Structures are given as structure tokens and as C-alpha cells.
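# Fold and contact review
Here is what each chain is made of, one letter per residue.
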Amino acid sequence: MTNETNPLTVRAVRAFADNYIWLIAAPARPGAVVAVDPGDAAPVRAELERCGLSLAAILLTHHHADHIGGVAALLEHAAVPVIGPEDERITVTSRTVQGGERVALPDLGLVFEVLAVPGHTASHVAFWGHDALFCGDTLFSAGCGRMFEGTALQMRRSLQRLAALPGSTRMYCGHEYTAANLKFALAVDPDNSSARAYCDAVAVRRAADEPSLPSTVELERAVNPFLRCGDAAVRTAAERHAGHPLADETAVFAELRGWKDGFRA
Ligand SMILES: [Zn+2]
């Protein structure tokens, strides 16, 4: 519904050890960008200055400090709208949104659907539009976020919601975890040739110090074990790890999530 033919121009700003702050170029206002999850202001300001860009709005996916910590400092230099989920732990929003709402920024030429994706945190949202998805810490390439505030069923439903988006959707997540996630994915599903090929491609990109992201929904459906709980090989691996049969796909998901939490490649 919000898909458009011209792909968004999105630049990655690195923050902390492995966070990405995404800067979306506003199609209708050259030089203006929307920042997604600016956990740290300094690298954003440096990138804006280096490229001669101006901040026009901020989108927030969830309350964690590494996603919102830079907002107050950015607002000191630019009074822009800050749009994020309703959550008392986020005090910097100028507009709160929930799943099913639409964020329209007509002067910037941008419109996003808000998707409620609880699990990593209770109020986590994702922004989808222009064939791009900004999913914070819910879905990572070849992995998913830890469940800090949700059940396995909630998290799995959130992931299924994202996996059901058009395959061409480019996926911009909050962290560079892809290589480590692929080690786990291949431990679960060693015969997955798509995951193996992707692992090789990611190794090349990371060796050149380039982001592995964005991924696509289509690629994630093929390589991400957390989206493949109904796959026979994934289920067999999860049951072997559990040491007993697993009742359903949510039980498979929960087993995989617990396995990954303790996984060291
Ligand atoms: Zn988080």
C-alpha cells in the first residue's frame, strides 16, 4: 500500500559497538533526512555536517537507550518531530503511534505504516513503507531480538508479521549481527545452501568494513531460522537440542531462542 517504485536512499551511521542509526533521505526535500533510532547524537551530527544534510524528523522503534539516547541532544540543534511508540519510558516523543496507524510526512514525501511488533520490548513498533522496513531490534538478518518483555508466542507473531511483507522489502535493522547470526543459523540448518551462500557474501562485505544490511524479506525467509520454525530441518534440529519432541512451531521458536541465547560459535 505504501510501496513505491523509487527505492529510498538510506545511509547507515554507526554508533556504539554495532548499532546502526539509519538516515532516510526525504524524496520531496533534497538534503533533508529522517533519523531512525538515534541512540547517539554525535555520529549523526558528524554525518549531517559531513554530507551537508539537515535533520527533518526522528522515528523511534523502542525505548532502549541505544536507540533513543541521542534524541535530546539532536533536538538542541533542530526542533523536529519525534515519532515513536507510546511508552512512559520514552519521554522525547512529540507524537506517539501504535500499530495500524500511518505516519505521513507529506512535506518530506514519506509515509510509513506502523506495525506493532511486541516481544523484544512490549511497545516495540516497526515502520514499513516505500518497500523498506525499519524494524529496530525485532528482526535481525538471520536472527531476531532477545525477548526481554514478551512471550515466545508474541515474538513469533511479530516476526511472522514482518515475514509476510512483500519479499522485495529491504530490511533495515538496529544492529550489525548478521555474521554471528549466520553461524547460529548454519548450526541449526547446516544444509541450507542459501544461508551458506549468504554467509560467504556477508564475510566479503564485512571484510571490506561495509554493512551487511539492508537484507530483504525474501532473503530472510530463506535463511533466518527464526522465520523457519515450520521447516522440517529446523524442527529436527530444535528437537535434538531440546532432547524431546516439540509440540508446535512456537515451541520450536522458543527452543531456538533459548539455544541462541547460550550459543557461542
Ligand atoms: Zn533493544
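See the structure above.
What you see is a predicted model; the values in this text were computed from it and never measured.

## Regarding helix α8 (residues 232-242)
- All of the buried residues in α8 are V234, A237 and A238. Down the axis of α8, the smallest arc covering the buried residues is 95°, so these residues share one side. Turned more than 90 degrees away from the buried face of α8, the exposed residues are A232 and R240.
- Each element contacted by the buried residues of α8 is listed here: α5 (178-188) and α9 (249-261).
- The N-cap of α8, judged by a side-chain oxygen 3.0 Å from the amide nitrogen of A233 a few residues on, is D231.
- Just beyond α8, the residue with positive phi is G243, at close to 85°.

## Some details on the pattern of salt bridges
- Under the counting rule described, the total for this entry stands at 17 salt bridges.
- Between R50 and E47 there is a salt bridge whose closest N-O contact spans 3.2 Å. Taken together, the positions of R50 and E47, both in helix α1 (residues 41-51) and three residues apart, correspond to about one turn of that helix.
- For R50, a relative accessible area of 62% puts it in the exposed group.
- For R95, the salt bridge is made with E101, and the minimal N-O distance between the two is 3.3 Å.
- Assessed through its relative accessible area of 25%, E101 is described here as partly exposed.

## A closer look at the coordination of the zinc ion
- Coordination of the zinc ion by the protein involves H62 (NE2), H64 (ND1), H120 (NE2) and D137 (OD), with metal-donor separations of 2.2 to 2.3 Å.
- Relative to the metal, the four donor atoms surrounding the zinc ion lie at angles of 90 to 167°, and the coordination shape comes out irregular.
- All donor residues of the zinc ion come from one chain, and their arrangement in sequence is H-x1-H-x55-H-x16-D. Here the residue H64 occupies a position in the loop between β4 (54-59) and α2 (65-68), and H120 occupies one in the loop between β8 (110-116) and β9 (125-129), the gap between them amounting to 56 residues.
- Residue H120 is classed as buried on the basis of its relative accessible area, which comes to 4%.

## Observations concerning the packing of aromatic side chains
- Overall, the coordinates contain nine aromatic pairs when judged by the stated rule.
- Residues F112 and F134 carry aromatic rings whose centres are separated by 6.0 Å and whose planes lie at 90° to one another, so their mutual orientation is edge-to-face. Taken together, the residues F112 in strand β8 and F134 in strand β10 (residues 132-136) connect sequence positions 22 residues apart.
- Taking the relative accessible area as the measure of exposure, F134 reaches 0% and is therefore buried.
- Centroid distance F184 to F226: 6.0 Å. Interplanar angle 20°. Geometry classified as stacked. Residue F184 is found in helix α5, and its partner F226 is found in the loop between α7 (217-223) and α8; the two are separated by 42 residues along the sequence. Each member of the pair, F184 as well as F226, is classed as buried.
- Taken together, Y20, W22, F112, F134 and Y172 form an aromatic cluster joined through their ring pairs.

Criteria and cut-off values
- Residues numbered from 1 in each chain as written.
- Predicted model: local features only at pLDDT ≥ 70, side-chain atom pairs only at ≥ 80, totals over all residues.
- Heavy atoms only, no water.
- Buried < 20%, exposed > 50% of the residue type's maximum accessible area, 1.4 Å probe, protein only.
- Helix = DSSP H or I, 4+ residues; strand = E, 2+ residues; numbered from the N terminus.
- Arc of directions from axis to C-beta.
- Contact = heavy atoms within 4.5 Å.
- Polar contact = N/O pair within 3.5 Å; in protein donor to acceptor, adjacent residues only side chain to side chain.
- Salt bridge = Lys/Arg side-chain N within 4 Å of Asp/Glu carboxyl O.
- Donors = N, O, S within 2.8 Å, 3.2 Å for Na, K, Ca; no water.
- Tetrahedral: all angles 85-135°; square planar, octahedral: opposite > 155°, others 65-115°.
- Phe/Tyr/Trp six-rings, centres within 6.5 Å; stacked < 30°, edge-to-face > 60°.

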